[in-house]
Amino acid sequence: MSKKLWGGRFKKETDKEFFVFQKSIQYDFKLAAYDILHSLVHVNALKHAGLLSAAEKNKLHSALMGIAAEIKNGKFKPDLHTEDIHTQIQNKVQAKLGNLALKLHTLRSRNDQVVFDEKHYCGVEALGLACLLGSVIKALESLGHKYKDVYIAGYTHTQRAQKVKFCDYLGGLIKSFESDKKKLGAYAAGLIAYVGSGAFKGTSLAKDYQSAITAEIKKLTPVTIKVADSPVANVSDRDFIVEFLSIISVIQMHLSRLAEDFILYSTKEFNYLDLPEEFCTGSSLMPHKKNPDFLELARGYTGKIYGNLVSILTTMKGLPLTYNRDMQLDKEPLFSSVEILGDELRILAKFIAGVKLNRAAIDKALEDDSLYAVDLAEYLVREKKVAFSDAHDIVGKLIRYCEDNGCSIKDISITALKKLSTHLDKKAIGRILGR
Ligand code: ARG
């Protein structure tokens, strides 16, 4: 066990098994860079309050920036004998500077640090995910553009409904992702990471923190930093994680619908899409199989991502204000959802670029007369001034007649047609059906 940030009042050593049970370093290590940022602001505040000399401040700053450089180039590794990232950074500063490092934690609490770190993580990751969504949108747009003149059978209830342009179908997916992207941007822009909360009731440093948030500090992050107006609310708050995981869940829901459509359209039964082989796998038994595993996993991860949202909601339910150790369990679901979605979006953009349309099967499906039923009804309304309900009824009876007699609309006899309605004529039908 490495040196802890507490312990003076304890007579007994921490039980080894309990130590492993309670430590968070194995996952909160991801917050290292944001924890350094907190320390930089804090050191500024201590200097302003006269609790550090200028020389001490500079030494602490350069030690912290040295660790930041190690984080950036991957040299800073988690010390799994440490309780958490806040402790590991403090210990590292101590290894560099000796006892001066002991002043770093003056009037500060990890309760304040952890929420600050997580807000920055959420802001940076939200912008990253928005960017990845941008690549998926671009890939969908170029797929639509490549096949801009292609019509496919459109579906409601997974039953053939009306002929629709393939790019208009893709437009539906694009719209959802555009709205998701906007939500992520607004979410990141609205985040405020507070400093100066202490354990929960603020500290005597509060006014010094104001001048600690310098232009240099602001340059290091896209997230707004302010002095907490309600320290109690700040250390108690995990709403921003619930919100982030909610946005991610909606994106995941959109992804799962895309996945389902593409899986369906790639079956032999539909055969509209040819999926890129490099994102499919085969079967160990059936030599002919090309399975859409990427799409299936992307659909399957919905369970995990919704589960992560429910996990944080449940952890927070009924928690007394302010900080409670339960809240440490917010990190794994947060990191898990961000990482899964990031992987999915990165792969999806490449996947979409490799999708090809199978024109023969698509055109064959378009020969289904029922796809033009609405066009026929509209023709009766527009050209023959028939009321829509009557037009609906006439076309419905026409479809029924063809089904009962095993013929297609265009092959129906003139006598049968006139019996159904005097408004219908073969020429108009031929024109509307495009044959
Ligand atoms: N590892 C803790 C967490 O993630 C950091 C805060 C610990 N605070 C405390 N008072 N023990 O929530």
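The preceding data block contains the structure.
Just so we're clear, the structure is a prediction, and the values are computed from it rather than from any experiment. Within any chain, residue numbers begin from 1 and follow the written order of that chain's sequence. Residues qualify for local features only when their pLDDT is at least 70, as the model is predicted, and side-chain atom pairs are given and counted only at 80 or more; totals for whole chains, interfaces and linings, by contrast, use all residues. By convention in this description, side-chain values take in all heavy atoms of the structure and omit both hydrogens and water.

Visitor: Looking at this structure, how should I read the packing of helix 6 (residues 110–146) against helix 7 (residues 166–190)?
Guide: Each pair of packed helices can be described by the angle between their axes along with the distance between the axes. The N-to-C vectors of helix 6 and helix 7 enclose an angle of 165°; their axes lie 9 Å apart at closest approach. One element, helix 6, and the other, helix 7, form an angle in the roughly antiparallel class. Considering the relative orientation of helix 6 and helix 7, their crossing is left-handed. Any residue that is not Ala, Val, Leu, Ile, Met, Phe, Trp, Tyr, Cys, Pro, Asp, Glu, Lys or Arg is counted as polar, Gly included; the first ten are nonpolar and the last four charged. For the contact of helix 6 with helix 7, the class distribution of residues is 19 nonpolar, three polar and four charged. Axes here mean lines fitted to C-alpha atoms, for a helix over just the part in contact, with angles spanning 0 to 180 degrees between N-to-C directions. Only DSSP runs of H or I covering at least 4 residues are called helices, and only runs of E covering at least 2 are called strands; the numbering of each starts at the N terminus. An angle counts as roughly parallel when it lies under 35 degrees, as roughly antiparallel when it exceeds 145, as roughly perpendicular when it falls between 65 and 115, and as oblique in every other case. Crossings are sorted by hand: turned counterclockwise from the far helix by less than a right angle, the near helix makes the crossing left-handed, and turned clockwise it makes it right-handed.

Visitor: Can you walk me through the packing of aromatic side chains in this structure?
Guide: One pair of aromatic rings is described through two measures. These are the centre distance and the angle between the planes. When the centres of two rings from Phe, Tyr and Trp lie within 6.5 Å, Trp using its six-membered ring, the rings pair. Their planes under 30 degrees apart give stacked, over 60 give edge-to-face, and anything left gives tilted. Scanning all chains against the criterion turns up 14 aromatic pairs. Here Tyr155 and Tyr265 contribute two aromatic rings whose centre-to-centre distance is 6.0 Å and whose plane-to-plane angle is 35°, an arrangement assigned as tilted. With Tyr155 in strand 1 (residues 151–156) and Tyr265 in helix 11 (residues 239–265), this pair connects stretches of sequence that are 110 residues apart. Any residue under 20% of the maximum accessible area for its type is buried, any over 50% is exposed, and the rest in between are partly exposed; the area is computed with a 1.4 Å probe on protein chains only. For Tyr155, a relative accessible area of 21% corresponds to the partly exposed category. Look at Tyr265 and you get buried, because its relative accessible area is 6%. By definition here, charges over rings are those cases where NZ of Lys or CZ of Arg is within 6 Å of the ring centre and within 35 degrees of the ring normal. Taking the ring centre of Phe240 as reference, the NZ or CZ of Lys119 above it sits at 5.1 Å.

Visitor: In this structure, what is going on with unusual backbone geometry? I would like to understand it.
Guide: Trans peptide bonds make up most of the peptide bonds, and negative phi angles are found at most residues other than glycine. Cis peptide bonds are those with omega within 30 degrees of zero, and the linkage from Leu321 to Thr322 qualifies with 15°. Of note, the phi angle at Leu107 is positive, near 55°, even though the residue is not glycine. As for its position among the elements, Leu107 is in the loop between helix 5 (85–97) and helix 6. Residue class for Leu107 comes out partly exposed when judged on its relative accessible area of 37%.

Visitor: How should I be thinking about the site of the ligand in this particular structure?
Guide: Any residue with a heavy atom lying within 4 Å of a molecule or strand is counted as near it. Within the structure, the ligand sits among Ser24, Asp28, Asp84, His86, Arg110, Asn111, Val114, Tyr323, Gln328 and Lys331. Taking Tyr323, its side chain carries an N or O atom lying 2.4 Å from an oxygen atom of the ligand. Polar contacts here mean pairs of N or O atoms no more than 3.5 Å apart (in protein, one a potential hydrogen donor and the other a potential acceptor; neighbouring residues in sequence count only if both atoms are side-chain atoms). The contact in question runs from an oxygen atom of the ligand to an N or O atom on the side chain of Lys331, over 2.5 Å. Methods summary: accessible areas were calculated by the Shrake-Rupley approach with a probe of 1.4 Å, and residue burial reflects only the protein chains presented. Computed on the free molecule, the ligand has an accessible area of 340 Å², of which 86% lies beneath the protein chains in the complex. Examining the composition of the shell around the ligand, we find that three residues originate from one element, helix 6, more than from any other. Here the residues of the shell around the ligand are counted per class, giving two nonpolar, four polar and four charged.

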